[in-house]
Amino acid sequence: MRFLHTSDWHLGRSFHRVGMLGAQAEFIGHLVATVREREVDAVVVSGDVYDRAVPPLSAVELFDDALHRLADLGVPTVMISGNHDSARRLGVGAGLMGRAGIHLRTEPSACGTPVLLPDAYGDVAFYGLPYLEPALVRDEFGVERAGHETVLAAAMDRVRADLAARPAGTRSVVLAHAFVTGGEPSDSERDIAVGGVASVPAALFDGVDYVALGHLHGCQTLTDRVRYSGSPLPYSFSEAGHRKSMWLVDLAADGSVTAERVDCPVPRPLARIRGTLEELLADPALAPHEEAWVEATLTDPVRPADPMARLAERFPHTLALVFDPDRPPDDPDVSYARRLAGRDDQQIAEDFVAHVRGTGPDAHERIVLRDAFDAVRADEAVREVAR
């Protein structure tokens, strides 16, 4: 069986105020053409179809168009909800859509119920594990302490139990939306850490033939059987070095896997440039970036006048301007943002306690802080679902 693995469409998202709907529509056209030209048997979409729980109408219309075009090809599609999606909204009409070959898997309770797609060698069982917010699915999976590893392990136990009851030789594909250890994140993914832990081990998915991951925006191979497709478009300048693509996967009769990267259309290249304003305006080596979307970091000791307007004369698609003056580390004017760079909410809160009290939090207080952050994040997730 040949299937196309993609994820993280984030329909409705912009890139530094630049609307991406046209580029997203171009990607959908490319996906449909790839399905047709490469004789694909199935499409899997591993979450974050939309960028937010209540997407704009234009994004919903594009999604509707994508589903109609895939259904018209007669190629089954299996799709799960991600942490940006409202699982309940995305799953509306799932039963009817399933009759047209569009299989939406958004209910945690259905993790162990596969979509069975046959080929010449028997059935391939596609198990959809939507994004599992630990605080919201703990009761469903009967785990005592909510955490990504515990709820995903419980979901995979259901997958393996169902697979064990099926005829010998049944091949299996799992769709999951998670941060798996070894994956390389970028700046555009929403934090999903619970209890200070965001990632789960790849070994959690042992026992299946292929794991189609979503959440991280870079295309990555964790093992031959565990892969991220990445987002088809860039959503932050940290993705400037990404090659945006999908995985074209061939699953053989014996469950062995071969995978090929299929490049996605590039609306405009990304460039991150750094130096003083005068250096950036004069450096001939930067000529290839003049038509790129640009993030410029200025290192002038004193902020120059009208930097964005002057940069735009040479780089008309400059979208982001960062000031990082070259100063000694002990300079009192070193920015607050630089002092916070790379620190998560928990670390910032602990530093604040140390600043106010003169000593940092003890072990019990760190747990209290961590639980408070987890409770706020879980509450936000509940509010998004309820909107």
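Note that the structure is a prediction, hence the values are computed from the model and not measured. (Residues numbered from 1 in each chain as written. Predicted model: local features only at pLDDT ≥ 70, side-chain atom pairs only at ≥ 80, totals over all residues. Heavy atoms only, no water.)

Next up on the list: the sheet that holds strand β16 (residues 257–263). The six strands are arranged β6-β5-β4-β1-β15-β16 in an open sheet whose pairing can be described as mixed. Single-partner strands in this sheet number two, and they are β6 (102–105) and β16. If you compare each strand with its neighbour and ignore which way they point, the axes differ by 20° on average. Across four bridges, strand β1 (residues 2–6) lies against strand β4 (residues 42–46) in parallel orientation. Residue F3 lies in a different strand from β4, and its bridge partner there is A42. Most of the contacts of helix α1 (residues 21–37) go to β1, to which it runs at about 165°, and overall it touches β1, β4, β15 (245–251) and β16. (Pairing = 2+ DSSP bridges. Helix = DSSP H or I, 4+ residues; strand = E, 2+ residues; numbered from the N terminus. Axes fitted to C-alpha atoms, helices over the stretch in contact; angles between N-to-C directions. Contact = heavy atoms within 4.5 Å.)

Let's shift gears to the pattern of salt bridges. Scanning all chains against the criterion turns up 16 salt bridges. Ionic pairing is found between R160 and D157, a salt bridge with its closest N-O pair at 3.5 Å. Of this pair, R160 and D157 both sit in helix α6 (residues 148–164), three residues apart, which is roughly one turn of the helix. Owing to a relative accessible area of 29%, R160 belongs among the partly exposed residues under this scheme. On the accessibility criterion, D157 (46% relative accessible area) is partly exposed. Across the pair R166 and D162 runs a salt bridge, and its minimum N-O distance is 2.7 Å. Of the residues examined, D162 reaches a relative accessible area of 18% and is grouped as buried. (Salt bridge = Lys/Arg side-chain N within 4 Å of Asp/Glu carboxyl O. Buried < 20%, exposed > 50% of the residue type's maximum accessible area, 1.4 Å probe, protein only.)

Next up on the list: the packing of aromatic side chains. Counting across every chain of the model gives six aromatic pairs. Between W9 and F27 the ring centres are 5.8 Å apart and the planes differ by 70°, which places this aromatic pair in the edge-to-face class. Of this pair, W9 sits in the loop between β1 and β2 (14–15) while F27 sits in helix α1, and the two are 18 residues apart along the sequence. Taking relative accessible area as the criterion, W9 reaches 2% and is therefore assigned buried. (Phe/Tyr/Trp six-rings, centres within 6.5 Å; stacked < 30°, edge-to-face > 60°.)

Another point: the sheet that holds strand β7 (residues 115–119). Taken in spatial order, the six strands of this open sheet run β7-β8-β9-β12-β14-β13, and their pairing is mixed. Bordering the open sheet on either side are β7 and β13 (220–223), each of which pairs with just one other strand. Sheet twist, expressed as the mean angle between neighbouring strand axes with direction ignored, is 20°. Examined bridge by bridge, strand β8 (residues 122–129) and strand β9 (residues 171–177) share six bridges and lie parallel to one another. Each bridged residue has a counterpart across the sheet, and for A125 the counterpart in β9 is S172. In this fold α6 packs onto β8 and β9, with an angle of close to 165° to the strand it touches most, β8.

Quick look at the environment of G19 now. Here G19 is to be found in strand β3 (residues 18–19). As for G19 and D119, which are separated by 100 residues in sequence, their C-alpha atoms are 40 Å apart.

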